[in-house]
Every structure is written in structure tokens, then in C-alpha cells.
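Commentary on secondary and tertiary structure
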Amino acid sequence: MPYRTILLAYDGTVEGRRALQEGAEVAKRLQAKTHLLAVVADDAGAAIAQAVAAAAPMERTQFYQGTLNDGVKYLEGEGLEATGHLVHG
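Our subject in this report is the structure included herewith. What you see as residue numbers is a count from 1 along each chain, following the sequence as written. The predicted nature of this model means local features are confined to residues of pLDDT at least 70 and side-chain atom pairs, given and counted, to a pLDDT of 80 or more, with totals for whole chains, interfaces and linings taken over all residues. With hydrogens and water set aside, each side-chain value is computed from the structure's full complement of heavy atoms.

**Here's the deal with the pattern of salt bridges**
Where charged atoms from two side chains of opposite charge come close, those side chains can pair. Applied cut-off: In what follows, salt bridge is the name for a side-chain nitrogen of Lys or Arg lying within 4 Å of a carboxyl oxygen of Asp or Glu. For helices the rule is a DSSP run of H or I covering at least 4 residues; for strands it is a run of E covering at least 2, with both sets numbered from the N terminus onward. The buried label applies to any residue whose accessible area, calculated with a 1.4 Å probe on protein chains only, is under 20% of its type's maximum; exposed applies above 50%, and partly exposed to all values in between.
All chains considered together, the criterion is met by two salt bridges. The partner of Lys28 in a salt bridge is Glu25, and the shortest N-O contact between them spans 3.1 Å. With Lys28 and Glu25 both in helix H1 (residues 14-30), this residue pair falls three residues apart, about one helical turn. Glu25 gets classed as partly exposed once you look at its relative accessible area, which sits at 33%. Overlapping salt bridges, with partners in common, bring together Glu25, Lys28 and Glu78 in one network.

**So, the side chain of Thr67**
Cut-off, in case you're wondering: When checking whether two residues touch, look at their non-hydrogen atoms; a contact exists if any pair is within 4.5 Å.
Residue position: Thr67 is located in helix H3 (residues 56-77). Residues in contact with Thr67, not counting those within four places in the same chain, are Tyr10, Asp11 and Gly12.

**Quick look at the packing of aromatic side chains**
For clarity, the cut-off: The aromatic pairing rule takes the rings of Phe, Tyr and Trp, using the six-membered ring of Trp, and pairs them if the centres are within 6.5 Å, calling planes under 30 degrees apart stacked, those over 60 edge-to-face and the rest tilted.
All chains considered together, the criterion is met by one aromatic pair. For the ring pair Phe63 and Tyr64, a centre distance of 5.2 Å and an interplane angle of 80 degrees mean the geometry is edge-to-face. Using a relative accessible area of 18% as the deciding quantity, one classes Tyr64 as buried.

**Topic: H1**
Selection criterion: Expected span of a helix, by definition, is 1.5 Å for each gap between consecutive residues, and there is one gap fewer than residues. To be clear, the arc concerns the directions from the helix axis to the C-beta atoms.
Over its 17 residues, H1 extends 25 Å from the first C-alpha to the last, a length consistent with the 24 Å expected when each residue adds 1.5 Å. Buried within H1 are the following residues: Gly16, Leu20, Gly23, Ala24 and Ala27. Buried residues in H1, looked at end-on, bunch into an arc of 110 degrees, giving them a common side. Turned more than 90 degrees away from the buried face of H1, the exposed residues are Glu15, Glu22 and Arg29. Directly after H1, the chain includes Gln31, whose backbone phi takes a positive value near 55 degrees.

From the geometry alone we can't say anything about function, so treat these as descriptive.
In C-alpha cells form, the structure reads like this:
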């Protein structure tokens, strides 16, 4: 039975865009729904940045949300049903 749903991770890097394109090709062949995931890392560097600049976490989230939205638009432009998910972790 072919896959009906595919989960792709995306971070907006050159490598990530290449992987997104390849994932879109697989999803098209399988006629699968796609879920695109972007993860905002909660690491020690982020904690330090939060202490220095209160707006940093929001800016980081906005950056990844914009990146995620661009990825979803790309998938939809390829004729795929796509849903984006932004998570922290």
C-alpha cells in the first residue's frame, strides 16, 4: 500500500530546499498529502539570546514561521495538499 501522508522537515537552508524538492517529487508520485515541519530549537544559545534581547525568541519564531509558509507555498505550487507545523523543541 502506498504512503498516503508524508512528513517533511524544512529549515530553509540550501540542503533543506533540495530535500523539499525531492520530497515533493515522492509525494506527487504517491499522490500523498504532505505535512511540513519546522522546529525552533530551544537550546542553550537561545536561552542566552533571550537574556540579552527580549525580542529574540519572537524574531526567531517569526523567521521559522515565514520559512515554513514559503515551504508550504512551494508544495502547493507543485499541486500537493500541504499543511505546515511549527514546533519548539
